[in-house]
Amino acid sequence: MVYYQYNSICMKHFTATVLLCGAAILGASAQNIIVTDKDGVTHKFNADYVKEITFERIQSQGDAVNLDITSVDVNPYSKTNIELTLKAENGDNLDLDLYQPSTMWLTAGNYVVGGSDSHTIDASYSKAVIGGANKKVKSGSLEVKLDGEVYTFTADFVLDDDVNVKGSFTGKLPMFGPVANYDLSGVAYVEVNDPEPNGFYYKFNDEAWKIEMRIDLFSEGNAPKPGTYTFSESTDNGCAGSYVNLYAPYHDTTSFKEGTLTVEENGENTVIKINGVLESGLTMTASFDGKLPARPTE
């Protein structure tokens, strides 16, 4: 729907015919131009003071663009600066440059264009694609809610052509959410100085080398026994130690402050599942299904 507004000072493009006919009819006598709006209210203008009449297109609520957001991409430049792209299947999207307090995941809050608090959007690096056309973001906000690992995004923005764009999405992030998930594919045995007699020392990595993690398992026998191991500083049987290098996007070296690791047998392979909280506060899960290297014999 399109509404039209009138202006008593600059009312042009009404058509030359209207102006000429009006001048012929008015002659030398004073006349009024009366406009009745959609609510039945009349607005009166002295014709002697009207130079031109114009109709100006303005956006109504019906003209707002509603994005059918089906996916979200996240690209953390750092712990405080994140590129978030809300994407629709037809190619439309909102590409937002977010700033937040230093955290290991995208935090909940109301991100405002040009805002002065801890959750802001930089308009100079934010943009939209609507109907194949690139546009800049002028104002608006993105509300971010978090329930467990599930985010809800509610976007309400005005673009540089004054078009209002809205949209919402609920789902998990592919990365930089409150839980980091890793599929471990590589493993090597680590030789350490003064190993514990019940210690087994492994270094794991994922295929993309976004994580490299040393895990120490303490168990009697010639291989880690199936069961649950608890992360701690103890070397008693049933305990586990850790040293974790998180590469992009976290760039952090840490360890598990709490959590568990389970060992299961799967034929010749060993299945390892990790669920814990790192010293940095990030919850992490990881899994491995493969053959563990044997402990070297002296």
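Residues numbered from 1 in each chain as written. Predicted model: local features only at pLDDT ≥ 70, side-chain atom pairs only at ≥ 80, totals over all residues. Heavy atoms only, no water.

1. So, the overall build of the protein
So, point 1. When its secondary structure is counted, the protein shows one helix and 23 strands.
So, point 2. Looking at the 298 residues of the protein, the share that counts as buried comes to 38%.
So, point 3. Residue pairs at least 24 apart in sequence account for 46% of intrachain contacts in the protein once pairs closer than 6 positions are excluded.
So, point 4. When the accessible surface of the protein is totalled, it reaches about 16,700 Å², and 48% of it is carbon and sulfur. (Helix = DSSP H or I, 4+ residues; strand = E, 2+ residues; numbered from the N terminus. Buried < 20%, exposed > 50% of the residue type's maximum accessible area, 1.4 Å probe, protein only. Contact = heavy atoms within 4.5 Å. Areas by Shrake-Rupley, 256 points an atom, 1.4 Å probe, with all protein chains shown as cover.)

2. Description of the nonpolar core
So, point 1. With 62 residues, the main nonpolar core has L142 and F153 as its most contacted residues.
So, point 2. Ignoring any residue separated from it by four or fewer positions in sequence, one finds F153 in contact with V72, L84, L86, L106, L142, E143, V144, G167, S168, F169 and L173. (Core = buried A, V, L, I, M, F, W, Y, C linked by side-chain atoms within 4.5 Å.)

3. Concerning the layout of surface pockets
So, point 1. Each pocket or cavity is described by its volume, and for the second largest pocket that value is around 300 Å³.
So, point 2. The wall of the second largest pocket is formed by 17 residues, among which P174, M175, F176, A180 and N181 lie closest to the centre.
So, point 3. Among the elements that line the lining of the second largest pocket, the one with the most residues is strand β15 (residues 179-189), at four residues.
So, point 4. Taken together, the residues that form the lining of the second largest pocket break down as 12 nonpolar, two polar and three charged. (1 Å grid on protein atoms, 1.4 Å probe; cavity = no way out; pocket = protein on both sides within 12 Å on 5 of 7 lines; lining within 4 Å. Points joined across faces, edges and corners; volume = space filled by probe spheres on them. Nonpolar A, V, L, I, M, F, W, Y, C, P; charged D, E, K, R; others polar.)

These figures come from the coordinates and say nothing about function on their own.
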